[in-house]
Amino acid sequence: SQKIEQNSEALNIQEGKTATLTCNYTNYSPAYLQWYRQDPGRGPVFLLLIRENEKEKRKERLKVTFDTTLKQSLFHITASQPADSATYLCALDEGSSNTGKLIFGQGTTLQVKP
Amino acid sequence: SQTIHQWPATLVQPVGSPLSLECTVEGTSNPNLYWYRQAAGRGLQLLFYSVGIGQISSEVPQNLSASRPQDRQFILSSKKLLLSDSGFYLCAWRLNVGIGELFFGEGSRLTVL
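Residues numbered from 1 in each chain as written. Chains lettered and ligands numbered in written order. Predicted model: local features only at pLDDT ≥ 70, side-chain atom pairs only at ≥ 80, totals over all residues. Heavy atoms only, no water.

1. Let's talk about the environment of A:Gly43
Inference 1: Within the secondary structure, A:Gly43 is located in the loop between strand 4 (32-38) and strand 5 (45-51).
Inference 2: Given a relative accessible area of 6%, A:Gly43 falls into the buried group.
Inference 3: Contacts of A:Gly43, omitting those with residues within four sequence positions, involve A:Arg37, A:Gln38, B:Leu90, B:Phe104, B:Gly105 and B:Glu106. (Helix = DSSP H or I, 4+ residues; strand = E, 2+ residues; numbered from the N terminus. Buried < 20%, exposed > 50% of the residue type's maximum accessible area, 1.4 Å probe, protein only. Contact = heavy atoms within 4.5 Å.)

2. Considering the state of the cysteines
All names here are of chain A.
Inference 1: The final tally for this structure, using the stated rule, is two disulfides over all chains.
Inference 2: Linked covalently through their sulfurs, Cys 23 and Cys 90 form a disulfide whose S-S length is 2.0 Å. An S-S torsion of about 70° defines the bridge between Cys 23 and Cys 90 as right-handed. Here Cys 23, found in strand 3 (residues 19-26), pairs with Cys 90, found in strand 9 (residues 86-93); they are 67 residues apart in sequence, far enough to count as distant. The pair formed by Cys 23 and Cys 90 is uniform in burial state, with each residue classed as buried. (Disulfide = S-S within 2.5 Å.)

3. Notes on the layout of surface pockets
Inference 1: Counted as a void, the largest pocket has a volume near 330 Å³.
Inference 2: Along its surface, the largest pocket is lined by 19 residues, and A:Gln38, A:Thr87, B:Gln38, B:Gly41 and B:Arg42 are the ones closest to its centre.
Inference 3: Taken together, the residues of the lining of the largest pocket break down into six nonpolar, nine polar and four charged.
Inference 4: Counted as a void, the second largest pocket has a volume near 250 Å³.
Inference 5: Along the walls of the second largest pocket sit 13 residues, with A:Tyr28, A:Ile103, A:Phe104, B:Leu44 and B:Leu46 positioned nearest its centre. (1 Å grid on protein atoms, 1.4 Å probe; cavity = no way out; pocket = protein on both sides within 12 Å on 5 of 7 lines; lining within 4 Å. Points joined across faces, edges and corners; volume = space filled by probe spheres on them. Nonpolar A, V, L, I, M, F, W, Y, C, P; charged D, E, K, R; others polar.)

Here you go:
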């Protein structure tokens, strides 16, 4: 069956460290993968998109990698800050139709301690 | 610029009562529209999507329905709510061409008692 999995356990790190979140998928062939941030009681907000032919994408303190052989994406936040505390969701789209449907993982909650 | 409005933000309904959640998008034409549900501590589950007026695709069998009476209006309904319908409902839109991100509304928190 098709699955997209993120670490369900919360990730607790110290301010200034690099946070690394993992997204694994099975039985999908995504054309691209996206990462979102969700604060409690709010809708998710888009962060980054990476295509299947891209190995790495950066935006300020954020970095995403995409390994289609391992079927895995890693999301990194460098020099983390308490304001980075939130739930981070990965989502994939097989890109085979114009529906634009995204399938989401369950999210990983990040807690950055000062 | 584009905006998305979703309401009501919070509602408490008894089992067996009807439901209507509404979502409108401004600043764009012919968007793809989506309804997701998020149960407590869970990921987003896609319920319905629409690529045009009157065109609705259902992802998960349930007692919910969706309608798109106008280009930028998306409605989620139920005739009789179940306890299991409780959750956080999110409307989202994206452009109907190319690839790109979803833009989410602020969500509607439904509690069925």
